[in-house]
Amino acid sequence: MLEQLRYYINGQAASVPRYVLEQVILGIFSWVPSVVGIGLRALAYKLIMKLDGVAAIESRVRIAFAGNIQLGSGVYLDRDVYLHALPGGITIGNDTFLMHHTMLHVFNFRNLPQAKISIGRNCFIGEFNVIRGQGGVTIGNDVYTGPMVQIVAVNHVYSDPNRPIREQGITAKGITIEDDVWLGANVTVVDGVTVGRGSIIGAGSVVTKDIPPYSIAVGTPAKPIKSRQDLDLSAFEAAEVFFGELEEIR
Ligand SMILES: CC(C)(COP(=O)(O)OP(=O)(O)OC[C@H]1O[C@@H](n2cnc3c(N)ncnc32)[C@H](O)[C@@H]1OP(=O)(O)O)[C@@H](O)C(=O)NCCC(=O)NCCS
């Protein structure tokens, strides 16, 4: 029983004193609703994580290994976001938004040196995204992801058909999403892939190979169908384009 308790706490915080400290701060402040809660957390969470400026953290954001998390100024974490920052940690750049139920899990129970999740500035990570960082996930600046996107930097080894897959270890090379990429709804990016700067991945696609910069790629496996540097602009000129307050603020 004691062994199981130790195993559980090792999966939640860097040490027993850190576990107690983080749970006390989170227990007091994580549920407080409204703008009052956002203000309290912007101050109190400085005791347990690295906050470069003021981050807006909604109620019910779940956090483990808070000491391995660094948030830039103007970061917004929507309700029910889950950050699990095992060694390697999670870094989120200035003015990046994580929408509700998004999960960033470094998942580094094997102490891999390359494990981490790093997201740049001015990104928008959509609802219910899942990012697993065993191999290291690096997301650049100005990246936009639709709902239900999955970026999973790990594969299970399955070479021996006579042993359960879960006993055969993992490979974890890492994923890079370069600046100004848009991943459509329900895109999955598998391990070892780089999505080049300025690319667009169509909704529902599975990205299994590197995508050259400025590609528009669709399907499973995702294949480039055109380049953004070679577009027929007449369709855009005909379309009604809308801007919002967020673009104006930025
Ligand atoms: C990829 C996308 C941006 C369209 O790009 P586009 O340059 O306008 O492409 P087109 O509509 O001209 O389509 C070109 C071809 O790709 C196909 N295609 C487009 N999107 C596709 C997708 N997601 N999956 C598979 N094929 C797709 C089209 O059917 C067309 O095929 P065809 O030439 O055989 O007729 C758009 O289809 C898309 O997937 N948007 C994502 C929407 C989304 O997730 N929004 C959430 C907000 S983040």
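No experiment lies behind these values; they were computed from the predicted model shown.

Attention now moves to the site of the ligand. Around the ligand, the structure places Tyr-144, Gly-146, Trp-182, Gly-184, Ala-185, Gly-202, Ala-203, Ile-216, Val-218, Ile-225 and Lys-226. Between an oxygen atom of the ligand and a main-chain N or O atom of Ala-203, the distance comes to 2.9 Å. The side chain of Lys-226 places a nitrogen or oxygen atom 2.9 Å from an oxygen atom of the ligand. Across the complex, the protein chains shield 44% of the 910 Å² of accessible surface that the ligand would expose by itself. Counting only elements with at least two residues in the shell around the ligand, the list comes to β24 (215–218) and β25 (223–227). Taken together, the residues that form the shell around the ligand break down as 7 nonpolar, 3 polar and 1 charged.

Pairing between side chains of opposite charge can happen when the charged atoms of each approach one another. Under the counting rule described, the total for this entry stands at 6 salt bridges. Across the pair Arg-18 and Glu-22 runs a salt bridge whose closest N-O atoms are separated by 2.9 Å. You can see Arg-18 and its partner Glu-22 sitting in helix α2 (residues 16–29), 4 residues apart, about one turn around the helix. Accessibility expressed as a relative area gives 24% for Arg-18, which makes it partly exposed. What makes Glu-22 buried here is its relative accessible area of 3%. Note that Arg-60 and Asp-80 form a salt bridge whose closest N and O atoms lie 2.6 Å from each other. You can see Arg-60 sitting in the loop between β2 (56–57) and β3 (62–64) and its partner Asp-80 sitting in the loop between β5 (76–77) and β6 (82–84), a full 20 residues away along the chain. A relative accessible area of 22% places Asp-80 in the partly exposed class.

What counts and how
- What you see as residue numbers is a count from 1 along each chain, following the sequence as written.
- Predicted model: local features are reported for residues with pLDDT of at least 70 only, side-chain atom pairs are reported and counted for 80 or more only, and whole-chain, interface and lining totals are derived from all residues.
- Remark: hydrogens and water are excluded; side-chain values derive from all non-hydrogen atoms of the structure.
- Note on terminology: near, applied to a residue and a molecule or strand, indicates that one of the residue's heavy atoms is within 4 Å of it.
- Here a polar contact is recorded for every N or O atom pair within 3.5 Å, except that within protein the pair must consist of a potential hydrogen donor and a potential acceptor, and residues adjacent in sequence are included only if both atoms are side-chain atoms.
- Only the protein chains shown count as cover for residues, with accessible areas throughout obtained via the Shrake-Rupley method and a probe of 1.4 Å.
- Only DSSP runs of H or I reaching four residues or more are called helices, and only runs of E reaching two or more are called strands; each is numbered from the N terminus.
- By the convention adopted, Pro, Cys, Tyr, Trp, Phe, Met, Ile, Leu, Val and Ala count as nonpolar, Lys, Arg, Asp and Glu as charged, and the other residues, Gly among them, as polar.
- One side-chain nitrogen of Lys or Arg within 4 Å of one carboxyl oxygen of Asp or Glu is enough to make a salt bridge.
- Each residue is placed in one exposure class: buried if its accessible area under a 1.4 Å probe, protein chains only, is under 20% of its type's maximum, exposed if it is over 50%, and partly exposed if it falls in between.

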